[in-house]
Amino acid sequence: MKQANQNRHLPHFVLLDEMNLARVEYYFSDLLSLMETKRWDDNGRIISDPVIEREETGKLTLPDNVYFVGTVNMDETTHPFSKKVLDRANTIEYNEVVLNHFDFLAKEHSEQVEPNSIRNKQLAARFLTLKDAYPGNEEMIHKTTEKLMEINRYLEPIQAQFAYRVRDEICFYMIYNEQAGLLDRDTAFDYQLLQKILPRIAGNDVLTEKVLQDLFQFCTAHYWEDNRDLEHVLAEARYPKSAKKIAHMIRKNQVEGFTSFWNQ
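On a predicted model such as this, the values are computed, not experimentally measured, just so you know. Going along each chain's sequence as written, the residues are numbered from 1 onward. Selection of residues for local features in this predicted model requires a pLDDT of at least 70, selection of side-chain atom pairs for listing and counting requires 80 or more, and totals for whole chains, interfaces and linings are taken over all residues. Note that the side-chain values use all heavy atoms of the structure and ignore hydrogens as well as water.

**Quick word on the environment of P199**
Short version of the rule: A run of H or I in DSSP becomes a helix once it reaches four residues, and a run of E becomes a strand once it reaches two; helices and strands are each numbered from the N terminus.
Tracing the backbone through its elements, the reader meets P199 in the loop between α8 (185-197) and β7 (202-203). Separated by 117 residues in sequence, P199 and S82 place their C-alpha atoms 10.0 Å apart.

As C-alpha cells, this is what we get:
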C-alpha cells in the first residue's frame, strides 16, 4: 500500500489466494467500508479515508492504482459470499477443463515471453458515480438500465434484486467497453449478467426455478418448457453464456433440489 501511494502511475495488484477459507465480509470489512469513502481530490485523483495512519508509514489511502483479485474454491470447506461482497466484485469462473490441450508444451510455445509494461492510466477507473459518467453516455446508460430493470422484475419474487451500486458498475463496464472497442454490446452485457447478477441467485424451491426460467427466456427468447434442443437454443441466444449457466442451475435444482451459481 505504501509503494502504491508513492507510485501512483503504476498499477499494484493484491492477490488473495483461497480468500474464502474465512468469511470475506468479516476480515475484509474495513476495506469494504473504505471503498465507500473514495472521492476526487483537488488534483483530480481518487483518494479515500486512510487505510492506516502511523508515524512509521505515514498516511496511506486506498488509491485508484490498487486492485484486489481473489481466488476461491466453492466446496464444503469454504464459506459462501454475501451479497455485500458480490455487489462489489465481478465473479469469473474457471470450470472448463481440457485435459488434452498440449499446445503449450510444444517447443515453439515454450520460449520466454517478455512482459508488457503498462501504466495505471490504462486500467484506472474514470468514474466514481453515475453522475461522472452520464454526460456523453446517456443513451448507453438508459438502454442498459432498461434491461436491468426488467431483470430486477424477474428477481423480485425471491428478493434477489440489486440496487444502485450494481447498476452503476454495470453501466461503467458497458461504457468502458464501448470506448475501448472491445466487445459488441450484447456480449459485454452477457458477461455482466453472468458475473454480477447470477451469483446472487440460490434456492431450493419452485419460485427460484421460476425466476431462473424467466431469466432463461430473457436471454434466449425461448420458454424453458420448449427447450428440447438446448444446444441449438444457446447457439442463437442473445446472451449465450448466461443462458448456459442458467440452464445448468435449473437442472441442478431439478436433480438435487437446490441450486446456486456455484458448482459445489
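Back to the write-up after that little detour.
**Some details on helix α6 (residues 138-155)**
Note the following rule: For a helix, the expected span equals 1.5 Å multiplied by the residue count minus one. Summary of the burial criterion: residues with accessible area below 20% of their type's maximum are buried, those above 50% are exposed, and those between are partly exposed, where the area comes from a 1.4 Å probe applied to protein chains only. Within this analysis, the arc is defined by the directions that extend from the helix axis to the C-beta atoms. Residue contacts follow a heavy-atom distance rule, with two residues in contact if any of their heavy atoms lie within 4.5 Å.
Between its first and last C-alpha, α6 extends 25 Å over 18 residues, near the 26 Å set by a 1.5 Å rise per residue. For α6, the full list of buried residues reads M140, I141, T144, T145, K147, L148, I151, N152 and L155. Here the buried residues of α6 occupy an arc of 165° about the axis, which is enough to place them on one side. For α6, the exposed residues lying more than 90 degrees away from the buried face are E146 and R153. The inward-facing, buried residues of α6 contact α5 (130-133), α7 (164-180), α8 and α9 (206-220).

**Details of unusual backbone geometry**
Here the phi dihedral of Q159 falls at roughly 55°; this positive angle occurs in a residue that is not glycine. One can find Q159 in the loop between α6 and α7. Phi at A221 is positive, roughly 65°, even though this residue is not glycine. Its location among the elements puts A221 in the loop between α9 and α10 (230-235). Taking relative accessible area as the criterion, A221 reaches 70% and is therefore assigned exposed.

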